[in-house]
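Here is how the chains run, residue by residue.
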Amino acid sequence: MGGWCDGAAGRAETGRTRGGAAGRDAAPGRRRRPFGTVARALLGGALTMLATMALANPGPLPPEVRAALQRARVPESALAAVVQEAGSGQVLLSHQARQPVNPASLAKLLTTYAALDLLGPAWTWSTPVAFGGPVRDGVLDGDLHIKGSGDPRLVHERLWQALRRVQQGGVREVRGDIVLDRSAFAPSETGPADFDGEPWRPHNVQADALLLNQHAAVWTFLPDPARGVARVVADTDGPGTPERTVALAAGPCDDWRAGLRLQAGAPAEGGWRFGGAYPTACGELAWPLADPDPAGYGARLVAALWRELGGRLQGRVRDGRMPPGLKPALELRSPPLAEVVRDINKFSNNVMAQQLFLTLALQREPGPPASAEAARQTLRRWVAERIGEPGPGELVIDNGSGLSRQARATAQWLAHLLQHACASPVMPELLSSLPVNGLDGTMRRSRASAGRAHLKTGSLRDVAGLAGYVLADDGRRLVFVAIVHHPSAGAARPALDALVQWALRGAPVR
């Protein structure tokens, strides 16, 4: 399997261009033709060879990994792991590699790699804004329409800019309604409390075709000792927002969130009320919270921003459909897909991953609304065409983010996915999206030697995983997959760090 991962880092290339036959000359965002029958057969054969190699030499776990598992009181059978040379597929470690486990957020590797391959790194979402009537003397005699297409980065600042552009285009007053079109996605199969009963956590926000500010706000607590209170400010607050405060308390800054006794409040209060007291010793801290009324959040945010900009609205902000054929007055473009993928993988953002998952169905399946089942079919078809049909139990796709109890994958299949990416023209974009151990994203606190591993993390109540690429001391690039599936999985993270450290040393003979 030729490609980016061939050979050791820094080794001179001879007789061919790094990046494989596809190279890096393809125009960003250009849709490539599907593999032909011969190419698929060759690739399938290569992956079969890698699978055979992965099972030929399982070997024992490194002693330091076994010791760390023992300290965590986690059996060795709870760990599934594969370490291979990238490109050649030479196996350095294979342990429980064919055991299906919940991949948690390692599922994002499939979603983001498929999206980069299908759409291209430069692809963008478009959010059209249209006038439903004539504009005269700054007045729109009709409705203002905003149609969502799944943009996961339509945050507070970009929405403000969009409404500002409407006003710069000559509209200061809307005599009709502001209509939010969320019809591109089918209603969610789940609710925000279904996964863990904690709907206030941002990771439980559901996908929405017009996902404004990810249906969440960051609440900052600012102690004012002279008044004996902490001021509470949301990042979505505008001019004229009533002051919110909570009492200050003495004592250490321990479980300060529990002491605030969070309760759902009125929309005028920003959706949340805080009781109890805030420890002065905490200083300034922030608490991201999902809005308790996601269905009404977008309308409230748009209305507030329109007023903040000095706009007038005779009607109201409501959900509805943009009339077919209505020409947009402007289009708000998202950042390029490569940048969005970095946000998804570096910070393991679930709702952004689900937005991308449904976007694949919206772009590849016939007609909206895009459903979760249509997105699953899109990914299954991509896997079959690009990587090969998974074996029984090797891969179960759920919602594209890994926030699931139903998703399954084997360590062996995830290693195949990462090996396949090595030969892809989008490998640099995928690699740069992964957290760097000890430096950034969800790997910033890793205890393994910093800076030479790009690893996606996966965490659920009973899952802890890492998957990506390691640059060993001897210059070899290694594919790395390790997943602990056990009620004490969180306690086994030192074992994963020990396995990373072992791979960084070049996977020495045990």
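Residue positions are given per chain, counted from 1 along the sequence in the order it is written. Per-residue local features of the predicted model are confined to residues with pLDDT of at least 70, and side-chain atom pairs are confined, for both listing and counting, to 80 or more; whole-chain, interface and lining totals are unaffected and use all residues. Working from all heavy atoms in the structure, the side-chain values ignore hydrogens and water.

**Quick look at the overall build of the protein**
The following threshold applies: Comment: elements are numbered from the N terminus, with helices defined as DSSP H or I runs of at least four residues and strands as E runs of at least two. Partly exposed describes any residue whose relative accessible area lies between the buried limit of under 20% and the exposed limit of over 50%, with all areas from a 1.4 Å probe on protein chains only and scaled to the type maximum. Pairs of residues are marked as contacts when any of their non-hydrogen atoms sit within 4.5 Å.
When helices and strands are tallied, the protein shows 11 helices and 23 strands. Of all 510 residues assigned to the protein, the portion counted as buried reaches 52%. Long-range pairs, those at least 24 residues apart, make up 70% of the contacts in the protein between residues at least 6 apart in sequence.

**Description of the sheet that holds strand β23 (residues 477–485)**
Stated precisely, the cut-off is as follows: Whether two strands pair depends on DSSP finding at least two bridges between them. Only the contacting stretch of a helix is used when fitting its axis, a line to C-alpha atoms as for every element, and angles between N-to-C directions run 0 to 180 degrees.
A sheet is described by the order of its strands in space; here 5 strands give the open sequence β2-β1-β23-β22-β21, paired in antiparallel fashion. One side of each edge strand has no neighbouring strand; the edge strands of this open sheet are β2 (91–95) and β21 (453–460). Between one strand axis and the next, the sheet turns through 5 degrees on average, direction left out of account. Bridge count for strand β1 (residues 79–85) against β23 is 7 bridges, and the pairing is antiparallel. Bridge pairing links Val82 to Val481 in β23. Against the sheet, helix α11 (residues 493–504) contacts β1, β2, β21, β22 (463–471) and β23, and its axis sits at roughly 15 degrees relative to β22.

**Considerations on the state of the cysteines**
To keep it simple, the criterion reads: Cysteine sulfur pairs qualify as disulfides if the two atoms are within 2.5 Å.
Scanning all chains against the criterion turns up 1 disulfide. One disulfide bridge connects Cys253 with Cys282, the sulfur atoms lying 1.9 Å from each other. Negative torsions about the S-S bond denote left-handed disulfides, and the value of about 100 degrees found for Cys253 with Cys282 makes this one right-handed. Residue Cys253 is found in the loop between β11 (244–249) and β12 (262–264), and its partner Cys282 is found in the loop between β14 (277–279) and β15 (285–290); the two are separated by 29 residues along the sequence. Given the relative accessible area of 10%, Cys282 is considered buried.

**Considerations on the packing of helix α3 (residues 107–119) against helix α8 (residues 372–386)**
What counts here: Roughly parallel covers angles under 35 degrees, roughly antiparallel covers those over 145, roughly perpendicular covers 65 to 115, and oblique covers all other angles. When residue character is reported, Ala, Val, Leu, Ile, Met, Phe, Trp, Tyr, Cys and Pro are called nonpolar, Asp, Glu, Lys and Arg charged, and the others, Gly included, polar.
Where α3 contacts α8, the two axes come as close as 11 Å, and the packing angle between them is 75 degrees. Overall, the two elements α3 and α8 adopt an arrangement that is roughly perpendicular. Residues Leu110, Thr111, Tyr113, Ala114, Asp117 and Leu118 of α3 form the contact with α8, whose participating residues are Thr378, Leu379, Trp382, Val383 and Arg386. Grouping the constituent residues of the contact of α3 with α8 by class yields 7 nonpolar, 2 polar and 2 charged.

**Comments concerning the environment of Ala448**
With respect to the helices and strands, the residue Ala448 is situated in the loop between α10 (427–433) and β21. Taking C-alpha positions, Ala448 is 7.0 Å from Asn437, a pair spaced 11 residues apart along the chain. Each residue touching Ala448, except ones within four places of it in the same chain, is listed here: Asn437, Asp497, Val500, Gln501 and Leu504.

**What to know about helix α5 (residues 294–308)**
Quick note on the threshold: Here a helix's expected span is defined as the number of its residues, less one, multiplied by 1.5 Å.
Its 15 residues place the ends of α5 21 Å apart at the C-alpha level, agreeing with the 21 Å of an ideal helix rising 1.5 Å per residue. As for α5, its buried residues are in contact with α4 (156–168), β7 (173–174), β8 (178–181), β9 (216–224), β16 (312–313) and β17 (317–319). Within two residues after α5, Gly310 carries a phi angle of roughly 85 degrees, on the positive side.

**Focus on unusual backbone geometry**
Not every positive phi belongs to a glycine, and Gln214 is a case in point at roughly 55 degrees. Summarising the element assignment, Gln214 is placed in the loop between β8 and β9. Judged by its relative accessible area of 18%, Gln214 is buried. The phi dihedral of Ala507 falls on the positive side, at around 55 degrees, and the residue is not glycine. For Ala507, the location among the structural elements is in the segment after α11.

**A word on the packing of aromatic side chains**
Put simply, the rule reads: Only the six-membered ring of Trp is used, alongside the rings of Phe and Tyr, when aromatic pairs are assigned; centres must lie within 6.5 Å, and planes under 30 degrees apart are stacked while those over 60 apart are edge-to-face, with the rest tilted.
Counted by the stated rule, this structure contains 9 aromatic pairs. Taking the centre distance of 5.3 Å and the plane angle of 85 degrees together, the rings of Phe221 and Phe274 count as edge-to-face. Of this pair, Phe221 sits in strand β9 while Phe274 sits in strand β13 (residues 272–274), and the two are 53 residues apart along the sequence. Each member of the pair Phe221 and Phe274 is classed as buried. Note on Trp256 and Trp287: the rings are 5.9 Å apart at their centroids and 75 degrees apart in plane angle, and the pair reads as edge-to-face. A residue pair is termed long-range when its members are at least 10 positions apart, and Trp256 in the loop between β11 and β12 and Trp287 in strand β15 qualify at 31 residues. A residue is classified by how much of its surface remains accessible, and Trp287, at 7% relative accessible area, is buried.

**What to know about the side chain of Ser348**
Threshold: Identification of polar contacts relies on pairs of N or O atoms within 3.5 Å, with a donor-acceptor requirement for protein atoms, meaning one able to donate a hydrogen and the other able to accept it, and with residues adjacent in sequence counted only if both atoms are side-chain atoms.
Along the polypeptide, Ser348 turns up in the loop between α6 (337–347) and α7 (350–364). Residue classification places Ser348 among the buried residues on the basis of a relative accessible area of 15%. One polar contact links Ser348 to Ser105, side chain to side chain, over a distance of 3.0 Å. Separated by 2.9 Å, the side chains of Ser348 and Lys456 make a polar contact. Among all residues touching Ser348, those that are not within four sequence positions of it are Ser105, Lys108, Asp343, Thr442, Lys456 and Thr457.

**What about the pattern of salt bridges?**
The condition that has to hold: Between Lys or Arg on one side and Asp or Glu on the other, a salt bridge is scored when a side-chain nitrogen of the former is within 4 Å of a carboxyl oxygen of the latter.
Counted under the stated rule, the structure contains 29 salt bridges. In this structure, Glu189 and Arg376 form a salt bridge, with 3.1 Å as the shortest nitrogen-oxygen distance. Note that Glu189 is positioned in the loop between β8 and β9 and Arg376 in helix α8, a separation of 187 residues in sequence. Judged by its relative accessible area of 54%, Glu189 is exposed. Bridged by salt links that share partners, the residues Glu189, Glu373, Arg376, Arg380 and Asp398 form one connected network.

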